[in-house]
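Coordinate analysis (summary)
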Amino acid sequence: MKILCEVQVVNRTTQANRTPKAVKSTLAIGYKQSASDANGNTKKELEMVLFSGQAKTGSRYKVRDNINAVHTKFVLDGKATIGFKQPAENLLIKCDPIQLKGFLQTLKLGMEGKDAINLRLNIAGATAIPQKAQPQVRMVISKRSEYPIKGFPRTLKSLTINNSQLVKLSFEICSLRNLVKLDVSGNKLTKIPSELGRLPLESLNLGSNCLGEMNDWCWMRGSKLSQSLGELDLSSNGLTHFPSPLVKFERLVFLNLNYNELIRLPFAIRRLKALRKLHVSSNKLESLPSAIEDLHIDQLDVWGNSFKAFNAEAAQQLAQQPAATVTPQPLWLQAARAVANFKLPLSSGSLPAILIELISEAPKCLCGKLCYALRPEDLLQRVVQPKFTNIKNLTYSREHQIYADVVICGPTCSATQQLKALFSLMFP
Ligand SMILES: [Zn+2]
């Protein structure tokens, strides 16, 4: 009988550990057939053999009249000790409890001189149990020549391919089902295959590529990815627009958009409820949407942007707004308003997906009302100063004041009246 276990060998006389810690080993027990004597009788000798990295050919121990002690008190925890007289060594064994129990029972039968199926192993020719190779879970490629010709192991959980002049992600990479973390920063990607959206990645680094060239975000519509991704790096990609499907990544905690060409962030960003770290430094932001106040961000970095001054023109426009006119409302708009009015839960079981999308992405007026059918004059750029009350750590260039864009739900809105009063003081 053979078992795969971990064994530490301790010499009782010197108290020295022959192995400093438990090492992966094979322990075998069986009879050794000795050569026949003058009368033609063969003798069977019970032996135990320990195979390990240190003892590849095996350390042999006689069993009959050579066992000093067997400690089995912790066998249910998968631990036991066998002490031999010659050499004066203790084997401290860790193993699967059931296997260990079986092994000790076999040893007991052998010591009692009984025959057992488990003892029919010819110990002379016994070898170690081959240890299964550990499946490869990580791979790092840092130059083009390291790209595997034979393909990627299907077991990969983390794959990094940097600075390898990669122009596209292969279908093979997009079908590595176990992948959790993918880092392909520092390449020349202009487009990501939509298949990537089917991977349940938790971390995706696409930094320093050329994704702004084609602005193709189909892959972000994949249902798996948008439900699993927690970290996304899209820095240094020449982005001129915030990718619109990105607002659906409701698990996203960290978003890096540094070193792009973004002028504006969408109001729908308020849908990113899990977002805690937002980096948009070194872009061309002129303002922030007031929706930024709806997020619970710990770290907002907007250093190095082009924030513009207070928009007096827009403020004056507001003060001169005509009175409200009643226009017929389409059904979907009425439905969305009804859901908001009755504060119905936004669960996909009870509401159509399109309605959930509308409600969770619609810009919010200063008064708190959601605005759906926006007219251009409902958007006022750079008219309020955000308070950033929910943001714990704000990084920005102090020479620029940050003003926020707001939307107003209509001329009769209470917030509009307040704004008008405020502006009429400023522009009498
Ligand atoms: Zn309003």
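Model, not experiment: these values are computed from the prediction. (Residues numbered from 1 in each chain as written. Predicted model: local features only at pLDDT ≥ 70, side-chain atom pairs only at ≥ 80, totals over all residues. Heavy atoms only, no water.)

Some thoughts on the domain arrangement of the protein chain
Note the threshold: Domains are outlined according to an automatic or database domain assignment.
Structurally, the protein chain comprises domain 1 (2-125), domain 2 (138-261) and domain 3 (312-386 + 401-426). One C-alpha centre belongs to domain 1, the other to domain 3; they are set 80 Å apart.

Here we look at helix α1 (residues 97-111)
For an α-helix the count is 3.6 residues per turn, leaving residues at separations of three or four pointing the same way. Worth spelling out the cut-off: Numbered from the N terminus, helices here are DSSP runs of H or I no shorter than four residues, and strands are runs of E no shorter than two. Multiplying one less than the number of residues by 1.5 Å gives the expected span of a helix. For the exposure calls, accessible area comes from a 1.4 Å probe over protein chains only, and a residue counts as buried if that area is under 20% of its type's maximum, exposed if over 50%, partly exposed in between. It only takes one pair of heavy atoms within 4.5 Å for two residues to be counted as in contact.
For α1, with 15 residues, the first-to-last C-alpha span of 21 Å sits near the 21 Å given by 1.5 Å per residue. Listed as buried for α1 are Leu100, Gly102, Phe103, Leu104, Thr106, Leu107 and Gly110. Contact partners of the buried residues in α1: β1 (2-11), β2 (23-33), β3 (44-52), β5 (67-71), β6 (79-84) and β7 (89-94). A positive backbone phi angle near 75° is found at glycine 113, which sits one or two residues after α1.

A word on the environment of glycine 186
Along the chain, glycine 186 falls in the loop between β10 (181-183) and β11 (203-205). Given the relative accessible area of 23%, glycine 186 is considered partly exposed. Counting along the chain gives 37 residues from glycine 186 to isoleucine 149, while the straight-line C-alpha distance between them is 21 Å. Apart from residues lying up to four places away in sequence, glycine 186 is in contact with Asn162, Asn163, Ser164, Gly207, Ser208 and Asn209.

Let's talk about the pattern of salt bridges
Defined as follows: We define a salt bridge as a side-chain nitrogen of Lys or Arg found within 4 Å of a carboxyl oxygen belonging to Asp or Glu.
One pass over the full model with this rule turns up 16 salt bridges. Its salt-bridge partner being glutamate 47, residue arginine 60 comes within 2.9 Å of it at the nearest N-O pair. With arginine 60 in strand β4 (residues 59-62) and glutamate 47 in strand β3, this residue pair connects regions lying 13 residues apart in the sequence. Among the ionic pairs, lysine 308 bridges to glutamate 286, the shortest N-O distance being 3.3 Å. Residue lysine 308 is located in the loop between β16 (299-301) and α4 (312-319), and its partner glutamate 286 is located in the loop between β14 (277-279) and β15 (288-289); the two are separated by 22 residues in the primary sequence.

A short note on the packing of helix α5 (residues 331-341) against helix α6 (residues 353-361)
Put simply, the test is: The angle between two axes is taken between their N-to-C directions and runs from 0 to 180 degrees, where each axis is a line fitted to C-alpha atoms and a helix contributes only its stretch in contact. For classification purposes, an angle smaller than 35 degrees is called roughly parallel, one larger than 145 roughly antiparallel, one from 65 to 115 roughly perpendicular, and anything else oblique. Working rule for handedness: look at the near helix, and if it is turned counterclockwise from the far one by less than a right angle, call the crossing left-handed; if clockwise, right-handed. Only Asp, Glu, Lys and Arg are considered charged in this grouping, and only Ala, Val, Leu, Ile, Met, Phe, Trp, Tyr, Cys and Pro are considered nonpolar; every other residue, Gly among them, is considered polar.
With their axes 10 Å apart at the nearest point, α5 and α6 run at an angle of 65° to one another. If you check the angle between α5 and α6, you find them roughly perpendicular. Note that α5 runs across α6; the crossing there is right-handed. In contact with Trp332, Ala335, Ala336 and Val339 of α5, α6 contributes Leu355, Leu358 and Ile359. In terms of residue class, the contact of α5 with α6 is made up of 7 nonpolar, no polar and no charged.

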